[in-house]
Amino acid sequence: GTSNNFTSHSGGNQHSHGASKCIDSEDLVDQQNDNTTGKPVQVVWEKEIEEELFRPRFNVAPKTDIAVLVKNAGDWKLRLMNWGLVPAWHKGETPQDFKLHLINARDDGLLDKASFRKPLEKGQRCVVVTEGFYEWLDRDQDEDPAPKGSKKKQKQPYFLCSPASGEHLGELEHVSHETHPSEKRGLMFFAGIWDEWKSKTGKVHTSVVIITVGANKNIRWLHDRQPALLTSSEADLWASPETPLPKALNLLKSKEHLCWWPVSPEVGSNKAEGSQLTTLYKEPKKKVNTGLTSWLKKSPAKPKADIDTHNTTPAKLAGSPKEAEAELLSKACPHCTFLNQAQALMCSMCGISFKEKDAEESYISCPACTLHNSSKRKSCSVCDADLEASAKRSKAV
């Protein structure tokens, strides 16, 4: 069977949507009926080589080849296309030279951009078939935002799909094995636009972009955009080149036929793969500290104040350690303005005495850094400049 799995990543005005375990030829026969006869329509690959190259995935990233449905002369064909439109007018040497990441196309700007308008005018509309898509909830915007200064919380991915028989719309708290996306369930049809770019040597690169519309009211809490979903009959009209463009564009509506559940953050890695990515995920509960361990974590050791508390009375140490330290470190030197302990007898920086009998003690200004030092010092307490030579010059003058 063939299957696609898309991932979605937020980015500016564009939003990439993806899908999960999608097309199987038998599934398409069951769901895709001829609009005139009501009989199932056989879907085949247009090129056998593409069927051999296709690889089913549960986590499709942009620039990956995906299976796409097109209509040719009234017949449905499966084609392999690269997710990320490279328009036919691209002038580069290779598809990789096209730097715009046209992964999604907003429905309200399709006719404004030549990249989308030109293939639409040529009837190059297609259908991406899938079983679901991923969307990410930014948990910094939920009811429990991360505190300032802390690392951002990891975004929580959700898997969205069509509800299986017996399932309700909205978030599912229980997903049984029978209704798991890895089992057969209703397919989803995304509206897309395809185009072909040819190199100078004639090599053809076929690519596709998925159209998005405004999110329905039930999932706006998750994101403001969603893929343009089509019913089976709408998919037939959209993909038919004979359908007039205005009529085709009128099919692009927001639809509410969705259910969803949280999945593992593992899906955020392009390297992740497997059906476990769509399994209902319950975030591990955080360990709650109790008893002595909890008390120790909530009561960190008080910082030690780098002060001399000798002969200090309890009254002076009242209050918090920071208040006590602020009270003790309160004597500014009248000469160099250095902040000293209140009990200091002399300035720790310039050596000026704080004793009353030495209040008129002389001092000398450092010739290098201009700091006021005690005249008893031989060198500057900051830059070690020779103060004796400076004192002799002052006397000579």
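Residues numbered from 1 in each chain as written. Predicted model: local features only at pLDDT ≥ 70, side-chain atom pairs only at ≥ 80, totals over all residues. Heavy atoms only, no water.

Caption draft 1: Looking closely at the environment of Glu93. Mapped onto the secondary structure, Glu93 falls in the loop between β5 (75-83) and β6 (104-106). Spatially, the C-alpha atoms of Glu93 and Thr201 are 9.7 Å apart, while their sequence positions differ by 108 residues. When near neighbours in sequence (up to four residues on either side) are disregarded, Glu93 contacts Trp197, Ser199 and Lys200. There is a polar contact of 3.2 Å between the side chain of Glu93 and the side chain of Lys200. (Helix = DSSP H or I, 4+ residues; strand = E, 2+ residues; numbered from the N terminus. Contact = heavy atoms within 4.5 Å. Polar contact = N/O pair within 3.5 Å; in protein donor to acceptor, adjacent residues only side chain to side chain.)

Caption draft 2: Spotlight on the side chain of Lys255. Examined against the element boundaries, Lys255 turns out to sit in the loop between α5 (245-249) and β15 (259-262). A relative accessible area of 18% places Lys255 in the buried class. Reaching out from Lys255, the side chain makes a polar contact with the backbone oxygen of Leu229 at a distance of 3.0 Å. Side-chain polar atoms of Lys255 contact the side chain of Glu234, separated by 3.1 Å. Here Lys255 is in contact with Asn216, Gln226, Leu229, Thr231 and Glu234, once residues within four sequence places are set aside. (Buried < 20%, exposed > 50% of the residue type's maximum accessible area, 1.4 Å probe, protein only.)

Caption draft 3: Quick look at the sheet that holds strand β9 (residues 156-161). Within the open sheet, the four strands sit side by side as β8-β9-β15-β10. Their pairing is mixed. Both outer strands of the open sheet, β8 (133-137) and β10 (170-171), are each paired with one neighbouring strand and no more. As defined by bridge partners, β8 adjoins β9 across five bridges and the pair is classed as antiparallel. If you follow Tyr134 over to β9, its bridge partner there is Phe159. (Pairing = 2+ DSSP bridges.)

Caption draft 4: Summary view of the environment of Leu160. Among the secondary structure elements, Leu160 is positioned in strand β9. Judged by relative accessible area, which is 0%, Leu160 ranks as buried. Among residues more than four places away in sequence, those in contact with Leu160 are Glu131, Gly132, Phe133, Tyr134, Glu135, Met188, Ile219, Leu222, Leu258, Cys259 and Trp260.

Caption draft 5: Quick look at the environment of Leu110. Inspection of the secondary structure puts Leu110 in the loop between β6 and α3 (114-121). We classify Leu110 as buried; its relative accessible area is 2%. A sequence separation of 139 residues divides Leu110 from Leu249, and the C-alpha atoms of the two residues are 9.2 Å apart. Non-local contacts of Leu110, meaning those with residues more than four positions away in its chain, are made with Ala105, Phe116, Arg117, Leu120, Ile193, Ile211, Leu249 and Leu252.

Caption draft 6: Layout of α3. Every buried residue of α3 is listed here: Ser115, Phe116, Pro119 and Leu120. Axial view of α3: buried residues confined to an arc of 115°, hence all on one face. Contacts from the buried residues of α3 go to β6, β7 (125-130), β11 (188-198), β12 (204-214), α4 (232-239) and α5. Positive backbone phi, at 75°, marks Gly123, one or two positions downstream of α3. (Arc of directions from axis to C-beta.)

Caption draft 7: Representation of the pairing of strand β4 (residues 65-72) in the model. Of all eight residues making up β4, six are buried, and the element is well covered by its neighbours. The turn linking β4 back onto β5 is made up of two residues, and Ala73 within it adopts a positive phi angle of 55°. With two bridges joining them, β4 and β7 adopt antiparallel strand pairing. Residue Leu69 lies in a different strand from β7, and its bridge partner there is Val127.

Don't take any of this as a statement about function, it's just geometry.
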